[in-house]
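Structural description and commentary
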Amino acid sequence: MPWNLDSSRPIYLQIIERVQMDIITGRYQPGDKLPSVRDLAQEAAVNPNTMQKALSELERSGLIYSQRTSGRFITEDKELIHQMKKELAAAEVSAFVAHMKQLGITPEEIRQLLAETIEEEENHE
Amino acid sequence: MSELVTCKDLTKRFGNHTALDHLNLSLDSGKIIGLLGPNGSGKTTLLKLLNGLLTPSEGEVLIAGNHPGIETKRIVSYLPDKMYLGSWMRVSDLLTYYSDFFEDFDMSRANAMLESLKISPKDRLKTMSKGTKEKVQLILTMSRRAKLYCLDEPIAGVDPAARDYILSTILNNYEPDASILISTHLISDVENILDEVIFIQEGQLKLHASVEDIRMQEGESIDSYFREVFKC
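Just so it is clear, the model here is predicted, and its values are computed rather than measured. (Residues numbered from 1 in each chain as written. Chains lettered and ligands numbered in written order. Predicted model: local features only at pLDDT ≥ 70, side-chain atom pairs only at ≥ 80, totals over all residues. Heavy atoms only, no water.)

Note on sheets: strands pair through backbone hydrogen bonds, and any given pair is parallel or antiparallel. Residue and element names in this part refer to chain B. Read from one edge of the open sheet, three strands run β2-β1-β4, paired in antiparallel fashion. The open sheet terminates on both sides in strands that have one partner only, identified here as β2 (17–28) and β4 (58–63). Ignoring strand direction, the axes of neighbouring strands in this sheet form an average angle of 15°. Of the pairings in the sheet, the one linking strand β1 (residues 3–14) to β2 comprises eight bridges and is antiparallel in character. (Pairing = 2+ DSSP bridges. Helix = DSSP H or I, 4+ residues; strand = E, 2+ residues; numbered from the N terminus. Axes fitted to C-alpha atoms, helices over the stretch in contact; angles between N-to-C directions.)

This paragraph deals with empty space enclosed by the protein. Residues and elements named next belong to chain B. Applying the stated criterion to the full structure yields one cavity of 30 Å³ or more. Of the pockets and cavities examined, the largest cavity occupies roughly 50 Å³. At four residues, the largest contribution of residues to the lining of the largest cavity is made by helix α5 (residues 130–142). Partitioning the lining of the largest cavity into residue classes produces seven nonpolar, one polar and one charged. (1 Å grid on protein atoms, 1.4 Å probe; cavity = no way out; pocket = protein on both sides within 12 Å on 5 of 7 lines; lining within 4 Å. Points joined across faces, edges and corners; volume = space filled by probe spheres on them. Nonpolar A, V, L, I, M, F, W, Y, C, P; charged D, E, K, R; others polar.)

On to the domain arrangement of chain A, then. All names here are of chain A. For chain A, the assigned domains read domain 1 (11–76) and domain 2 (79–123). Relative to domain 2, the C-alpha centre of domain 1 lies at a distance of 28 Å. Counting residues at the interface gives eight residues for domain 1, matched by five residues for domain 2. Looking at the side of domain 1 facing domain 2, the largest losses of area belong to Gln 20, Ile 24 and Leu 63, adding up to 61% of the total buried there. If you look at where domain 1 meets domain 2, you find zero salt bridges. Linking domain 1 with domain 2 are zero residue pairs in polar contact (both at pLDDT 80 or more). Class assignment for the residues of the side of domain 1 that touches domain 2 results in four nonpolar, four polar and no charged. (Domains from an automatic or database assignment. Contact = heavy atoms within 4.5 Å. Buried area = accessible area lost by both parts, 1.4 Å probe. Salt bridge = Lys/Arg side-chain N within 4 Å of Asp/Glu carboxyl O. Polar contact = N/O pair within 3.5 Å; in protein donor to acceptor, adjacent residues only side chain to side chain.)

The next subject is the interface of chain A and chain B. Where interface size is given, it is often the accessible area lost as the parts come together that is meant. Taken together, the contact pairs 16 residues of chain A with 21 residues of chain B. Between chain A and chain B, a total of about 1,500 Å² is buried, with carbon and sulfur atoms accounting for 45% of that surface. Taken together, the connections running from chain A to chain B amount to zero salt bridges. Here chain A and chain B share nine residue pairs in polar contact (both at pLDDT 80 or more) between them. At the level of secondary structure, the elements contributing two or more residues to the side of chain A that touches chain B comprise α1 (11–24), α2 (37–44) and α3 (48–60) of chain A. When its residues are assigned to classes, the side of chain A that touches chain B shows eight nonpolar, six polar and two charged.

Okay, here's the thing in structure tokens:
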């Protein structure tokens, strides 16, 4: 099953986001070995050069590291993973706030809406 | 990464119609390149020139430093836009035919693909549907271990599910130092596997760029960018 990619945005960025999500959600555990570039490209139905580029970027950010002969692995630095999670959450929240402002909702209303929604969700569980 | 294909002022005239007009182009090895353009823009003419089926009216084309000929046919695997195989032939005949002709033909690769697409080696071409014939031709083309694959409309008659299989076969089977030049109108189906695109219009090069750069700069897919550039 090819990955669900939006061809109007650079593919390598979407691969990076996808791998980040897989690390955060625990699909990839710290220290796990990644499949080869070719296998991943095949799975995602993308060009191997694009996959290579995405993995190089992830390597640069430290989230994955490569060992010359045995392949690529997910970082074991839990602090780094936690940091990335916080950054992604912050980005989601500021996008949300910007959206709400567009709808003309005041900061006070945003707080109230958020509190209500969270409370509802908690009651459901 | 080395230069695999070079076109210098490549021109082809048919009578007083100019199909290719001083085209300058260079393609590196290790890339999957989409050759895109409206109908009659010169895509098939360019592929035929690369394969020595046509000779240039002006300018030249070089593949790994050679003019099209025996040396280049050894390393270029070509899928024409028309059926070129005898319709009386069985798939098994075609396999022998191809392995006689091309020393880089990989029989086991061909058999594996035929099996995945449930095509029996005993079937004759004339009993097959249009789409199945296209699959057979593409399998033959992709089963060579070539340096350059020229695919002219490879997936036009094939159903969407087989299209996905064929694209993954293309990804799977090409060596990292080989290049694939694909001419197609089905841009959205192929664009995720492309490195670069070439837009040609009325025989002239309009654009040669990396697909990720286009997505980055234009904020749209290659499919919608094509529609914008070639709006009628």
